[in-house]
Amino acid sequence: DNPAAAAVDGKQLPWLAGDFAPQWIEIQLGEPSTIQRVGLLVAQWPAGEARHQVTARLADGRSILLAHNQRYLASEQILSYQLDVPLSDVVAVRITSLAGPAWAAWNEVEVISAPASDTEACILSAAESVALREGPGADYEATGTLSTDELLYTDGYTLDESGEKSWYVGGESL
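Below is a summary of the structure that appears in this document. (Residues numbered from 1 in each chain as written. Predicted model: local features only at pLDDT ≥ 70, side-chain atom pairs only at ≥ 80, totals over all residues. Heavy atoms only, no water.)

Next up on the list: the environment of A21. Of note, A21 is situated in the loop between β1 (15-16) and β2 (23-42). Relative accessible area serves as the criterion here: at 24%, A21 is assigned to the partly exposed category. Taking the C-alpha atoms as reference, A21 lies 5.2 Å from L98; in sequence the two are 77 residues apart. If near-sequence neighbours (up to four positions away) are discounted, A21 is found in contact with S97, L98 and A99. (Helix = DSSP H or I, 4+ residues; strand = E, 2+ residues; numbered from the N terminus. Buried < 20%, exposed > 50% of the residue type's maximum accessible area, 1.4 Å probe, protein only. Contact = heavy atoms within 4.5 Å.)

Next up on the list: the sheet that holds β1. Spatial ordering of the open sheet is given by β1-β6-β2-β5-β3-β4-β10-β7, a layout of eight strands whose pairing is mixed. Each of the sheet's edge strands pairs with one partner strand only, and the pair in question is β1 and β7 (123-125). Both β7 and strand β10 (residues 151-153) contribute to a ladder of three bridges, which runs antiparallel. Each residue of the ladder has a partner; that of I123, found in β10, is Y153. (Pairing = 2+ DSSP bridges.)

So this is what it looks like as structure tokens:
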């Protein structure tokens, strides 16, 4: 009764995975596109702490992490991940529910396109597996990992007093 197509139809019926996390839904774009924003309308009952990731798959098969966060979510809440620099050559966007108090579900998923940009997005890779954290620095809880075969879209970074960098992904610091 709640198929994947419900997540992109503009109607009230949500997509339900039919089970608890980990679960995912992937939006196929049909052709390589330049994207600027991913919007999510939450369908989570009961409300509570949840963790999810948003990734883009490029035409060459590489996957890029666009957002990773853990936060309190409730139905009808809107999440928006704005890319400071549009990302080109995207063929699909995947939302992975990693943890939460309810079945994985989304009322709507929007992938907003943008004109191609002369500026290239900042994409990072890790020489070794690194922890994704709730905030900048090792004092924050690890909520996931970025492995050496994954790429990361970043909005920028900050430096702490010791000179350690904390990267920003989807508006969240890691």
